[in-house]
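An overview of the molecular structure
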Amino acid sequence: VYRNAGLDATGMTQIYDEKGSKVAASQNITSMDALLYAGRTIAPHFGSLNTSLRYKAFTLMAVATYQFGSVFLRPTISAYPAARTGLKYDLSEDIANRWRKAGDEASTLVPGVAGLYAPVSLTRYQQSDINVLKGDYIRLRELSLSYRIPVDRFTNLVKSADFGFAVRNLGLIWRANKEGIDPDFIGNISSSTLGLPATVSYSFSLNVNF
């Protein structure tokens with residue numbers, strides 16, 4: 001990612017080069033050393049946790065998944081209106097915090113709309129270190145409750161019967177980022193939108209063994 005150096009007086013994104021000097025949007029970087037390694041997008045540590053609690057004829061089971069060690073780029077403004085893109089109504093709230101007039105560079109890092117180098121400025125803002133967030137989370141995948149029906153009191157034909165209720169895709173119970181973003185449903189680098197998470201589902205079951 002680029003190392004963000006704030007906005008200049010015209011509202012264009014500045015970045016640091018490999019020597020720590022500020023580079024304007026109208027200038028090119030000349031070395032890969034100007035970029036910062038921010039981490040890996042695929043979590044190196046992941047897995048699941050299963051636990052169950054049984055009391056008499058009732059069994060409560062929970063399934064959680066987790067991942068640690070990854071990062072992602074926070075979705076932000078995807079594009080500003082231009083002759084090529086046309087008029088576009090962006091869904092990112094960052095658009096409301098964009099640079100509008102001289103002096104705004106002291107209070108915002110979101111670049112301005114106008115200018116010959118606005119596309120370069122926006123790209124460098126999108127892909128800068130200020131938008132790198134941790135992708136660590138713990139997700140509650142499933143919660144279920146089952147009841148062992150005492151069928152032996154009523155018949156000898158059935159060995160066992162269990163009635164169950166389960167809820168799946170309950171969502172995150174903890175995430176490292178403070179923006180409330182689910183790392184599993186982010187868009188691509190140039191997208192301002194998020195993917196839709198899996199819908200919460202409910203199910204009933206009856207398992208009978210003869």
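Please refer to the structure placed before this passage.
Bear in mind the structure is a predicted one, so any value in this text is a computation, not a measurement. (Residues numbered from 1 in each chain as written. Predicted model: local features only at pLDDT ≥ 70, side-chain atom pairs only at ≥ 80, totals over all residues. Heavy atoms only, no water.)

1. Overview of the pairing of strand S8 (residues 137-149)
In the sheet, strand S5 (residues 58-68) pairs with S8 via ten bridges, with the strands oriented antiparallel. Counted as the bridge partner of Thr65 is Arg139 from S8. Bridge count for S8 against strand S9 (residues 160-175) is twelve bridges, and the pairing is antiparallel. The residue of S9 that forms the bridge with Ile138 is Trp174. (Pairing = 2+ DSSP bridges. Helix = DSSP H or I, 4+ residues; strand = E, 2+ residues; numbered from the N terminus.)

2. Section: the side chain of Ser92
Secondary-structure assignment places Ser92 in the loop between strand S6 (71-73) and helix H1 (118-126). Among the polar contacts made by the side chain of Ser92, one reaches the main-chain amide nitrogen of Asp94 at a distance of 3.1 Å. (Polar contact = N/O pair within 3.5 Å; in protein donor to acceptor, adjacent residues only side chain to side chain.)

3. What to know about the sheet that holds strand S2 (residues 13-16)
Reading across from one edge, S1-S2-S3 is the order of the three strands in this open sheet, with antiparallel pairing throughout. This sheet does not close on itself; its edge strands, each paired only once, are strand S1 (4-7) and strand S3 (22-23). In this sheet, S3 lies alongside S2 in antiparallel orientation, the contact comprising two bridges. Across the sheet, the residue bridging to Ile15 is Val23, located in S3. Those strands touched by H1 are S1, S2 and S3, and its axis lies near 55° from that of S2. (Contact = heavy atoms within 4.5 Å. Axes fitted to C-alpha atoms, helices over the stretch in contact; angles between N-to-C directions.)

4. Let's talk about H1
Quick reminder: α-helices carry 3.6 residues per turn. Residues three or four places apart thus point the same way. Within H1, burial applies to Ala118, Ser121, Leu122, Arg124, Tyr125 and Gln126. Next to the buried residues of H1 lie S1, S2, S3 and S6. (Buried < 20%, exposed > 50% of the residue type's maximum accessible area, 1.4 Å probe, protein only.)

5. Points about the sheet that holds S9
Strand-to-strand pairing in sheets goes through backbone hydrogen bonds, with the strands running parallel or antiparallel. Taken in spatial order, the five strands line up as S4-S5-S8-S9-S10 in an open sheet, and their pairing is antiparallel. Whereas interior strands pair on both sides, the edge strands pair on one side only; in this sheet they are strand S4 (45-55) and strand S10 (201-209). Each strand of the sheet is rotated relative to its neighbour by a mean of 20°, with strand direction disregarded.

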